[in-house]
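# An overview of the molecular structure
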Amino acid sequence: MAASLNASVSIQTTEMHTGGEPVRIIESGYPTVEGKTIFDKRRYIREHFDDFRKFLMFEPRGHYDMYGVLLVPPDMPGADAAAIFMHNEGYSTMCGHAVISLGRYLIDNGIVKHPVSPETIVTIQCPCGMVVANTSYSDGRTGAVRFTSVPAFLFAQDVAVEVPGYGSVTVDISYGGAFYAFLDAKHLGLNINKSSVSDLATAADKVTDAVKSQVKIEHPESDDLAFLYGTILTDGADDFSENPTTNLCVFADRQVDRSPCGSGTTARVALQYHRGHIKLGQARKFSSRTGAIFTAKAEEEVTYGKFKAVRVEVSGKGHYSGKCTFTLDDEDAIGRGFLLK
Ligand SMILES: O=C(O)[C@H]1NCC[C@@H]1O
């Protein structure tokens, strides 16, 4: 019998952020999750504990763009932990910005024991597969993380979709643990660095809806991974350069990533590599509207199903921002979680 959210709830979290994007890590007070595989667990949580996601992600404890992680026992050999990611709409398949914070958290909290300098390997099972987070460690302190995710590939290029209000728009669709549509914001009449984030998010969300209804996404291994997660607007600066290039990732229910987006950066590097903009080993910088920077490069070519894929390494740093205990007043009718759109 699954637990329900009631006034006896008391959930402890550690709060982190990567590039401004929140990482609310649930530490205790969450009910027991059943299921053998990570997808079973994700399904179980979606079916039985979605009120806990709303309680922790929505107002008054969170906000429209809140992001969280529940650590569960891994079912992949060699994994230090498994992560279920949550956001304003549900549960994602991969989250690079959270992995960057978790690399530190798992060492700092003794889940990964005996850290070594200059880097400690932290292995995190994500719904998309195993992600390896090399976490800097010196003088007893954790720091920046460089992670390598599952194979990333360009799924479809130059796909024309009809977007209401914008007409025919051409996107590339690429996978980096989650599928994203990519296009230069100027093709929507917007400036990635100067237009309001709200205008960019509205336009990107329309592109996501259009791609979802007009393109069938397929994943080489799992139907659970075969869906479009969001749209990433860019400055179109895909050719190799030492200068940063901008990502604005709009995912789930029009949620805006404050960071350059780890899985989105992975997918964009695969896109840039397969379109001939960059070579293996050429590191690029990716920025977000907060000014945060991730560095990323394609490391090696691999085959993934029928796709020519690449392994991509993404680097960044997460920061601690607090600790919370969340409770529910039994007379609080709206305190179970709400959103004002
Ligand atoms: O960095 C990432 O990969 C995540 N950030 C929010 C959307 C993605 O899940």
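Above this text is the structure in question.
To start, this report covers the structure provided alongside it. (Residues numbered from 1 in each chain as written. Predicted model: local features only at pLDDT ≥ 70, side-chain atom pairs only at ≥ 80, totals over all residues. Heavy atoms only, no water.)

## Some details on the pattern of salt bridges
- This model, assessed by the stated rule, comprises 16 salt bridges.
- For aspartate 50, the salt bridge identified is with arginine 53, shortest N-O distance 2.8 Å. With aspartate 50 and arginine 53 both in helix H2 (residues 50-57), this residue pair falls 3 residues apart, about one helical turn. Both residues of the pair, aspartate 50 and arginine 53, belong to the buried class.
- As a salt-bridge pair, arginine 268 and aspartate 238 come within 2.9 Å of each other at their nearest N and O atoms. Taken together, the positions of arginine 268 in helix H5 (residues 262-274) and aspartate 238 in the loop between strand E12 (228-234) and strand E13 (245-251) put the pair 30 residues apart, joining distant regions of the chain. Note on accessibility: arginine 268 and aspartate 238 belong to one class, buried.
- Here the residues in one salt-bridge network are Glu119, Arg146, Lys297 and Glu313, joined through shared partners. (Salt bridge = Lys/Arg side-chain N within 4 Å of Asp/Glu carboxyl O. Helix = DSSP H or I, 4+ residues; strand = E, 2+ residues; numbered from the N terminus. Buried < 20%, exposed > 50% of the residue type's maximum accessible area, 1.4 Å probe, protein only.)

## Quick notes on the environment of proline 22
- Its place among the elements puts proline 22 in strand E2 (residues 21-28).
- You can call proline 22 buried: its relative accessible area is 12%.
- Residues proline 22 and aspartate 332 lie 310 residues apart in sequence; the distance between their C-alpha atoms is 25 Å.
- Setting aside anything within four residues of it in sequence, one finds proline 22 in contact with Met16, His17, His63, Asp65, Met66, Tyr67 and His97. (Contact = heavy atoms within 4.5 Å.)

## Details of the site of the ligand
- With respect to spatial proximity, 13 residues lie near the ligand, and among them Gly96, His97, Asp257, Gly262 and Ser263 are the closest.
- Residue tyrosine 67 places a side-chain N or O atom 3.2 Å away from an oxygen atom belonging to the ligand.
- Tyrosine 229 is positioned such that a nitrogen or oxygen atom in its side chain is 2.9 Å from an oxygen atom of the ligand.
- Taken by itself the ligand offers 260 Å² of open surface, and the protein chains cover 100% of this.
- When each cavity is represented as a set of grid points, the ligand is found to reside in the largest cavity.
- Breaking the shell around the ligand down by element, the ones donating at least two residues are helix H3 (96-108) and H5. (Near = heavy atom within 4 Å. Polar contact = N/O pair within 3.5 Å; in protein donor to acceptor, adjacent residues only side chain to side chain. Areas by Shrake-Rupley, 256 points an atom, 1.4 Å probe, with all protein chains shown as cover. 1 Å grid on protein atoms, 1.4 Å probe; cavity = no way out; pocket = protein on both sides within 12 Å on 5 of 7 lines; lining within 4 Å. Sits in = over half its atoms within 2 Å of the grid points.)

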